[in-house]
Structures are given as C-alpha cells and as structure tokens.
4 protein chains.
Amino acid sequence: MTPHRYTLTISCPDRAGIIAAVTGFIAQHGGFIVEASYHTDQETQRFFMRQEMRADSLPFDADEFRRRFALLASEFDMHWQLTDSAQKKRIVLLVSKQDHCLNDLLHRWRSGELLVDIPCVISNHQDLRSFVEWHGIPFIHVDMTDKSAAFERIAALFEQHHGDTLVLARFMQILPPDFCDRYSERIINIHHSFLPSFVGAKPYHQAHQRGVKLIGATCHFVTSELDAGPIIEQDTVRVDHGDTPDDLVRYGRDIEKTVLARGLRYHIEDRVLVCGNKTIVFR
Amino acid sequence: MTPHRYTLTISCPDRAGIIAAVTGFIAQHGGFIVEASYHTDQETQRFFMRQEMRADSLPFDADEFRRRFALLASEFDMHWQLTDSAQKKRIVLLVSKQDHCLNDLLHRWRSGELLVDIPCVISNHQDLRSFVEWHGIPFIHVDMTDKSAAFERIAALFEQHHGDTLVLARFMQILPPDFCDRYSERIINIHHSFLPSFVGAKPYHQAHQRGVKLIGATCHFVTSELDAGPIIEQDTVRVDHGDTPDDLVRYGRDIEKTVLARGLRYHIEDRVLVCGNKTIVFR
Amino acid sequence: MTPHRYTLTISCPDRAGIIAAVTGFIAQHGGFIVEASYHTDQETQRFFMRQEMRADSLPFDADEFRRRFALLASEFDMHWQLTDSAQKKRIVLLVSKQDHCLNDLLHRWRSGELLVDIPCVISNHQDLRSFVEWHGIPFIHVDMTDKSAAFERIAALFEQHHGDTLVLARFMQILPPDFCDRYSERIINIHHSFLPSFVGAKPYHQAHQRGVKLIGATCHFVTSELDAGPIIEQDTVRVDHGDTPDDLVRYGRDIEKTVLARGLRYHIEDRVLVCGNKTIVFR
Amino acid sequence: MTPHRYTLTISCPDRAGIIAAVTGFIAQHGGFIVEASYHTDQETQRFFMRQEMRADSLPFDADEFRRRFALLASEFDMHWQLTDSAQKKRIVLLVSKQDHCLNDLLHRWRSGELLVDIPCVISNHQDLRSFVEWHGIPFIHVDMTDKSAAFERIAALFEQHHGDTLVLARFMQILPPDFCDRYSERIINIHHSFLPSFVGAKPYHQAHQRGVKLIGATCHFVTSELDAGPIIEQDTVRVDHGDTPDDLVRYGRDIEKTVLARGLRYHIEDRVLVCGNKTIVFR
C-alpha cells in the first residue's frame, strides 16, 4: 500500500519568507510534511520548491487545499500545482520496433514499481502488439505514410485517453514542431547519447567514430529543437577500443532503459521543475 | 570570497509544525535561507534539519541568534547548534608514513577549497615533516613506544590547539577506546575497504583473497569498536583478476583520498548528523 | 548473423612457451585468432588462456580440432575445452515469485542478445507461468514441501533437458550441499548484496541497518558454502539516508538484473575460468 | 623493486599467424611473456599487439632483441618498438597557475607510483615555482608575450632535456599547429569536459548552461585541431541543479587529475597505440 500523499510544487520570484509562509500555511492546518526540497536559480533569481505531505494529516481534500492556498500563491506570484497520489498519472507510450525500454517500463508497471496508468501504447509498427496486449493494454497502430495526419491521430489518441505524459520509448520518428509546442513539458524522450554530444541519427556510430571512452544516454523533455530540450537525467558507461558499434548499441540499451525509467519516475513524482532550458530535479 | 553564512542544524522528536516554526522564526527576522534540508528517521521517529542562511540578512550576530532561538529549541526539545562560516573549523591531522591523503588534503587547503585552519599535523614518524613544514604548518612527532602516554600527548596537543576535529589521514595506529569515547563524533577515519567488508588489517589483501570485483574505501566516525562507527561516505572502484594486491593498494589510494576529502567536507560544512550508528548527510 | 567461432580455454602450470605452442598450432592450420587473453595466477603459478578463432579459417571441424589438439594439451598438462558457437548453451532458469531478473533475461533472449537455448523455466511458485509461457518456453512447477525430493526432481529436469548451466534468477531457496557439489561451476546465482558483506537473508535490510552509502549485487558460482562461491561479477549503486529498506530493494533490482546478465554473458561466452575460489574473467 | 621488463608494441596489416610468429620468436629465445594484448581494427584491418616480457628470461639485451626482431618485423610490415623498463621515460610538465594536476602527478612521482624522470617543469607563470623546487625539480619560466618565440623556447627546452612526452597539466595556452605536428603523439593534454562536448574555453560554464547531469574530463593527444585529438581516457561525475559553475569546477578538478594520471600511466607503460584519430588502450 502506497501512502496517500499530496505534493505541492511551486516556482516564484525569490525573496525572504517564502518557505515560512508555505510551511506556516501547512502547519496551521496540521499538515505533516514528509519531504521538502528547495532551490534558487541564481541567474533568474527564481525560487523553486516541492513539499510532500501526508494527505491524512490535513482536514480537507486536495480541491479545498487548492482553494485555500490560491490566495497565498497569488501574493507571492507563484506558479504552482498540487497533485494527489490517489490520482494516478496517465502515461501514453510511443514505440517503434525496439522494445528494451518498453519491456523495462511495462515490467516496472506490472510489478507495481511504476505507479501510473497506461491507457494505451501507440506504435508505427505492429511488432510489439502481442507483448503489449499480453499486459492487457490496448496497442494502437498508427500509419506513418502521411506524417502530418499520423501526428494528428496521435494527438487525438493522447487526448481521448486523457494522457498526462507522452513517453517516447525509442520512437524512431521526429515529432513536428507544433506537436512539441502543444505538449510542452509533457513529452519525454530517451536519446541514445550523452547530450549535447552526438545529436540526431546513429549516435553510437558517431561515438565509435570519435573514439570516446564512455557512452551515455539522456532523458529529456522534447522541444521543437531536435535533442535540445531540458535534460532530466543522464548516465554513462565505460567502453573500450575492442567494442564495435554493435557492442555500443548493446551496452547502450542498458543505460537507455535505466535512464528513462529514472527520469520518468522523477517526472511522475513531480520532482522535475523546468527553469528555462534546464531542469531542477528534487530527488 | 566565500559568502558569510550561518548554518543551523537540529534534531528533535518528529511532529507536525517544526519546519514552520523554525522557518517562521528565521523569516520573522528577515533571514534569507539559501539551503534547507530535512529528514525523519523512521525507526526512531526523530527529525533532522539543516538550514543555511545569509548572515547579512539577519539583524543580529550568531550569539544573539543563539540566545533568541533557545526558547523555540527547548519547546521542541531540540539538540541544535548554529555555526558561523566566519569561524573556520580547526582540523588536526594524524598521519604515519603514507602521505596520499595528507597530500590531497593539504592541496585542497592551500588552494582555498577546504576552508579550515590546520593548527598542526601530528605523526608517529618523521617522514612527512618536510612536506608539512613547507606549508608553514607545525609538524609534531609523537613517540608511540608508550601508547597510553602517546595518546595522552595527542589529546593534550588537540586541546591546546583548540582542535574541532581530528582526522586520521591513514594513521596506522588503533586508538584507545576511552580516547574514542572522549572525542565522540569528532574523530574521522578513512578505512581502506568498503565496510563492513574487510575490517582490520590489510583489507586490500583480504579483498584480493576473496576475489571481489570492486574495492572500496569508507570515511567514518571513529568509535571504540574497530571500523564500526557511523559511515559518512564510501565509494568503490572496479578491479579485475589481473590486479595484484599492490595494484589494489594503488587504485585504493585514489578512492581513499577522494572519499576522505568528501566526507571531511560534509563534516566541515555541518552536513553530517549522527542518528544511532548511522549518519544523515545533507548534501 | 553471429559469426561462427571456436573458443579454446586452457589452464595449466605456467612456463615459457605456452602461448607460442598454442598459437603455433593454430597458425599451422591457418587458424585466424579474433580475440586472445592470458593470465597467470601468482599464488598458484597457474596459467590461463582463452583464444577465440574464426571457425571458417580452419580446415577441419571442432571434433577434429579437439583430436589434434589433445597431444599438445597433454604435453603441457592442460585442463582445456573447445566450444563451438554453433552449439548454443542450454540454460535452465530457477525462479520464485520475483521476476525482475527473469523479465530481463527473457527479453535479452527474445531480442537475440543472449544467444542461448532456454529449454525450461522451473519454479517453486505458479506466479510466473503465464509470462514464461507467452515466450513459448515450458514452465515447470516443483513443489518444495519435501525439499530433498524437490531438488532430486530439479536435477532430473536439468539432466533431461540437457542443461549446461542452472541460473538462480532470484530463486529463494537454499540448495542442498550435494546438489551444489554435483553441479560445480555450473550453477550461477545472483545475491542481492556486495559480497562478502551481508551474507544470507534480507541483505538490503542489513545494509540499511549498517548505514552503508552504496549497496551492491554479486553474481557468483554456487558452492556448498552459502554465498561464498567464486565471484563472477559485482556492481554497486549509491544510496543515502533518505532511502528506506524498500527503496534499497527497488534500486537493488536494477543492479541485480544487470550484474546477473553480465555475469551470465561472460559465462556463456566461455570468459569465466575458476582458480581456487576466485574467477578469471576475460572480458 | 620494479621487475625488469621489455615491452614490445606492434601494429601491422592483419593476417593469420602474426601472434604465432611473434610469440614463437620470443619462445625460441626462452622469453617469458607476463602480459599480452591484441586488437584488430575492423575499419582499417590493422592489427595491434603489446607483449610484456621478463627481461631476465632473455639471453640478450634490448638492442640485440631489436636487431634480431627486425627481420621478422619487416616480413609482416610492422611498425614496432621495444622499450626497456630500465630506461625511464622523461616527462616535461607544462603548467600555468592551477596546480591540482601538478600536485597530483608530483605526488605520484615522489611516492614511486609514477615511474618517470621529470627533468623540468615549464610555466608561463611564477606561482608554482616554490612547490616544484621543493621537489628538487628545476622550474623554468617562459614569458608568453611573444607566443611564437615562447613555443620555440619550449621546444628547445624539451629537446635539451631529452623529453619523451610533454604533459599539459592545465596549461592555459593553445599550442601552435606546427608545434603540435612536430611532437605528434608525444603531447598529452587534460581537457576539462567530456569531449566532444564543450570544446574550447570555460567548458564547465558551458556544461552548466546546458544543464547536463554529469560533467567529465578527457585526456587526449594534442593535434593541430583544438581538443580533437585521439582520446586516451575519460570519466564523468554526477552533478545536479544545485551545483553552481564554481561547484562544477571543484568537482571537475578531481576527475581531471585522476583522468590525466590514468591516461599518462597508460602512455608511460606503452599501453596506448594510435589508430587514425582513435586510441587502442591495452589496460
């Protein structure tokens, strides 16, 4: 049983007294904080915070919290949201043929580690239908012949399934800029290089060509500029001269799936706040 | 120029409202918090916090802060302290013949990375005198023939130099239990294994004998039980079958010095709080 | 398409001229070496080597190679074997209820990364039947009420399916000593700690209790002494004071599966040679 | 006492029988191989090898080895060299004001870990004179007002001190292209980023700006194209949103010094062979 929690995330211009005001509001209603994180971005002088509270310690529900908190929020000019752990986030997965990230995410989901709903998996290929359907999750094939129509269809499916976040789990298609803009901070990609190195196609071959001694993977929000969105999580693994591009691809799969799983988890738990083209990740 | 900061560390029985009370106190005096960390130990239901504030945002000095805060502290039954970054901690180093940790720490000190005073270095050998004295730091030799007298002398030197923390930078002598008890949470050691594996002498040889695939180092507070005190920091490095015990010793030196430097830094910055035989490290 | 390879592994008393004799034998028949590794164990003065050759560069098949090589082998008093990549190894998996290692290994197998045959999966529970059978692999339930009979049954199944290696993929039962002895160097286990720390049950809880700053996993050959067999592969991951035992279990799953996958891969590719209670791993 | 060794490194067009021919030559003279490594570059079909032998197992000295081996070498069209561990390599260090790499390398040298001669340290500043001279090593200041004359002077000093390798231990000047070409594969630099990301000036600030979650360092051979030479060694370390550019600089120093020390060690031990713009590192 996961405990019932409210998570409050805030960003606002920095000044003295913000923490006291917010924690004072919570304390005044008997709220019990179980995790609290803060950060000030030096460049923009913007303040970010995340408070996780025991839902049962508060005398009202999430909506009432939001109503009461709004006054304080406007006083400090806050962007903020309160999420309720009882409302699972809805994640739509986009895949092509490679299934290592899909396999990893679905295992975490079916074992109860990844606490989300997955209303459907969308793909431009049929290969992964059987595996997805074994999990009891609808698998929807979208033809990519007309890319513009295809992405309209994907957007429609995402809306219709009330998706919160779209996860590109090794989806081998470039998203149209307007699609990226429409779902700003709601699309997560796993790129198979340690960005900003090796943007674009065949990054492991680029890495092999350059002779690097470690390769990496990057989980990031998708923006209209290719592989240039805010980075959520990265990791690297050691390789050497004996490794072929195929070996790099194989090692890479292991970091891709763990980096995507970690990044997605942070996002699901409202740990990721965006500041310009960077992220704050309250781990 | 390092900014002038106050750091408040607290532990007390957990309950709702602690953060609000403490940050309320700070805000009421205009205090500007630059870093804040919290933790509740589930087993003991004890709450731990660390607040770092801009000294210039407060209308009074550290002593006045302490006076005013005492009332609130007693209300919540707090163990607490406020440190002032203008008062550098005084670190006494104990060394034998091996100098990799000493060399590393003295470099960090002379380059301004490690913001402490080092009133003296004490050793049971003469080998490192010239290197220490080149830094303008007194080097004091203590004869170990009579161990009991030697540790009385070390204690006297530590007191006389107003030492805050005693750092065993590869000091190859076991400290008497009463000495450990006397300076509880004030003696830091670097042990050359990934504890709890390979306690005691020649851990790299023990590791080689067992055929482990990684070796490690552990920075911990010294207690009267050998290599069993609260762990502050650890790290590991990969080895393989081709590595001799001498190779492990060589790799080990590199992790020993970084692990000790990190652990000591956390301690100096009041990031390490002890809870039973464990540490909370607010990084 | 994987290239057709022969792999020759040898151990013998060390002396000058072994490499020349072996590579001379290979060269004399036009054999093309694609990977070669050597090691001398200093304690036992025993020499170990692994040669991987292109099968198509040799004018005869594996059996003929073995016949011709036998003379040379006896001259140097070698323990040796030649394996043929066309003969896939047969791996029998033993599981209980936890499926993260199973899920990982079956994905590597179905994606063609793990080049083995899996004739069956054996379990003391029914939970994982559907997932295994989706892969078209027979799932065999063995009742553990009578442990002695159960292990006789497992041995019979292993023999009947011509298993080469038995993999304990989080199998939560202790194997009888005679079973371990019977299949010496043929049973691989994943233990959920960084051995030799935290032998036995609930290692993550032991780790949490001790307050270590990294946790680990160990892939090793099973011997009759619990968790004390030759270590094949290990890895660690950073944790901190905020992590509960459940968090450690969650982080641990990720290293368990990668460590087991790596260790098994090394074993399958004949990269692991045993020397006393240690392994040589020719990566 | 370091054992007396000969190290033979070879590159030549790949074909069957090379290993047999070389190890046959060694065995025929009773030579005892203690370490052997091989690699074929798939793109160029070039073969690389390194053999380390006990000098006392051979009936002749290094010069006689070279004379006798020349015939075999020309038959296989080899580029090759034989080095004698009794002839220490001569390393000239170039530094500016930052001394973390210098401090690290000089410690490794004075503790006997780095088995080289350091005939002098050259700098464009006076800051590090006293520290270098404490080691009994000549410190030579070179004025950079006329860059062309300065690098002529550096070349002259390098020649006059019979330097084998020039190490840029955080030398903050760009070397002229002709200087780089003249000492091809003999100049080693430490760059403070994970190349190919963040070439050029202020890489930690570039990294902070991009919001990467790990930073790195790269040890590479210097070529006339800035930060684009063959990479010898790299490593990364985790950072997060709370780290300022100054924090990155501080973390970075620790990886810079270990990456340079490892890369230099590999080079000194003749473990680094260059293939196009990549390195083979026989660790």
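What you see is a predicted model; the values in this text were computed from it and never measured.

Thresholds, definitions, all that
Residues numbered from 1 in each chain as written. Chains lettered and ligands numbered in written order. Predicted model: local features only at pLDDT ≥ 70, side-chain atom pairs only at ≥ 80, totals over all residues. Helix = DSSP H or I, 4+ residues; strand = E, 2+ residues; numbered from the N terminus. Rg over C-alpha atoms; globule rule 2.2 N^0.38 Å. Buried ≥ 20, exposed ≤ 12 C-beta atoms within 10 Å, placed from the backbone. Contact = placed C-beta atoms within 7 Å. Least-squares fit on C-alpha atoms with pLDDT ≥ 70 in both. Pairing = 2+ DSSP bridges. Axes fitted to C-alpha atoms, helices over the stretch in contact; angles between N-to-C directions. Nonpolar A, V, L, I, M, F, W, Y, C, P; charged D, E, K, R; others polar. Parallel < 35°, antiparallel > 145°, perpendicular 65-115°, else oblique. Left-handed = near helix turned anticlockwise from the far one by under 90°.

Draft legend 1. Up close: the overall build of chain A. Assigned secondary structure in chain A consists of eight helices and 14 strands. Over its C-alpha trace chain A gives a radius of gyration of 20 Å, about what one expects of a compact globule, namely 19 Å for 283 residues. In terms of principal-axis extent, the alpha carbons of chain A reach across some 60 × 40 × 35 Å. Looking at chain A residue by residue over its 283 residues, the buried ones come to 43%. A separation threshold of at least 6 residues defines the contact pool for chain A, and within that pool the share at least 24 residues apart is 68%.

Draft legend 2. Inspection of the relation of the copies chain B and chain C at higher detail. Relative to chain C, chain B is turned by 180 degrees and slid 0.0 Å along the rotation axis, the superposed coordinates differing by an RMSD of 0.0 Å. On the angle and the small slide along the axis, the relation comes out as a two-fold axis. For chain B, the minimum C-alpha distance to the rotation axis belongs to Ser197(B) and amounts to 2.6 Å. When you check the interface residues of chain B against chain C, 100% turn up at the interface there too, and the contact is symmetric in its surfaces.

Draft legend 3. The arrangement of the sheet that holds strand β3 (residues 46-54) of chain B in detail. All names here are of chain B. One open sheet holds the four strands; their spatial order is β2-β3-β1-β4, and the pairing between them is antiparallel. A single partner strand is all that each edge strand has here, and the edge strands are β2 (32-41) and β4 (79-84). For this sheet, the mean angle separating the axes of adjacent strands, direction not counted, is 10 degrees. Alignment of strand β1 (residues 5-13) against β4, held across six bridges, turns out to be antiparallel. The residue bridging threonine 7 from the neighbouring strand is threonine 83, located in β4. Each of β1, β2 and β3 touches helix α1 (residues 18-28); the most contacted strand, β3, lies at about 20 degrees to it. Along the sheet, helix α2 (residues 62-75) contacts β1 and β4; its crossing angle with β4, the most-contacted strand, is approximately 165 degrees.

Draft legend 4. Expanded view of the relation of the copies chain A and chain D. Each copy of the sequence occupies a distinct position, and chain A is placed on chain D by a rotation of 180 degrees and an axial shift of 0.0 Å, giving an RMSD of 0.0 Å. Both copies contact each other with a shared surface, as 100% of the interface residues of chain A are interface residues in chain D too.

Draft legend 5. View of the interface of chain B and chain C. Across the contact, 24 residues belong to chain B and 24 residues belong to chain C. Secondary-structure elements contributing two or more residues to the side of chain B that touches chain C are β12 (231-238) and β14 (278-281) of chain B. Here the side of chain B that touches chain C is composed, by residue class, of eight nonpolar, 11 polar and five charged.

Draft legend 6. Molecular detail of the interface of chain A and chain D. Taken together, the contacts link 24 residues of chain A with 24 residues of chain D. At the level of secondary structure, the elements contributing two or more residues to the side of chain A that touches chain D comprise β12 (231-238) and β14 (278-281) of chain A. When the residues that make up the side of chain A that touches chain D are grouped by side-chain class, the tally is eight nonpolar, 11 polar and five charged.

Draft legend 7. Seen up close, the environment of Cys101(D). All names here are of chain D. In this fold, cysteine 101 is placed in helix α3 (residues 100-110). Note: C-alpha distance between cysteine 101 and leucine 260 (159 residues apart in sequence) is 7.6 Å. Non-local contacts of cysteine 101, meaning those with residues more than four positions away in its chain, are made with Ala169, Arg170, Ile190, Glu256, Lys257 and Leu260.

Draft legend 8. Region of the structure containing the sheet that holds strand β3 (residues 46-54) of chain C. All names here are of chain C. Taken together, the four strands give an open sheet; going across it, the order is β2-β3-β1-β4, and neighbouring strands pair in antiparallel fashion. One side of each edge strand has no neighbouring strand; the edge strands of this open sheet are β2 (32-41) and β4 (79-84). On average, adjacent strands in this sheet sit at an angle of 10 degrees to one another, irrespective of strand direction. Taken together, the nine bridges between β2 and β3 define a ladder with antiparallel strand orientation. Residue pairing for β3: threonine 40 is matched across the bridge by phenylalanine 47. Of the strands in this sheet, β1 (5-13) and β4 are in contact with helix α2 (residues 62-75), which crosses β4 at around 165 degrees.

Draft legend 9. Representation of the packing of helix α3 (residues 100-110) of chain B against α3(D) in the model. Remark: α3(B) packs on α3(D), axes separated minimally by 11 Å, with the N-to-C direction vectors making an angle of 160 degrees. In this view, α3(B) runs roughly antiparallel relative to α3(D), as classed from their interaxial angle. Relative to α3(D), the crossing made by α3(B) is right-handed. Contact residues: His100(B), Asn103(B) and His107(B) in α3(B); His100(D), Asn103(D) and His107(D) in α3(D). Broken down by class, the residue content of the contact of α3(B) with α3(D) amounts to no nonpolar, six polar and no charged.

Draft legend 10. View of the packing of helix α7 (residues 203-210) of chain C against helix α8 (residues 245-268) of chain C. Residues and elements named next belong to chain C. Remark: α7 packs on α8, axes separated minimally by 9 Å, with the N-to-C direction vectors making an angle of 125 degrees. Of the possible angle classes, the one that applies to α7 and α8 is oblique. Once α7 is placed against α8, the crossing between them reads as right-handed. Here Tyr204, His205, Ala207 and His208 of α7 come into contact with α8, specifically with Pro245, Leu248, Val249 and Gly252. Looking at the contact of α7 with α8 residue by residue, the classes come out as five nonpolar, three polar and no charged.

From the geometry alone we can't say anything about function, so treat these as descriptive.
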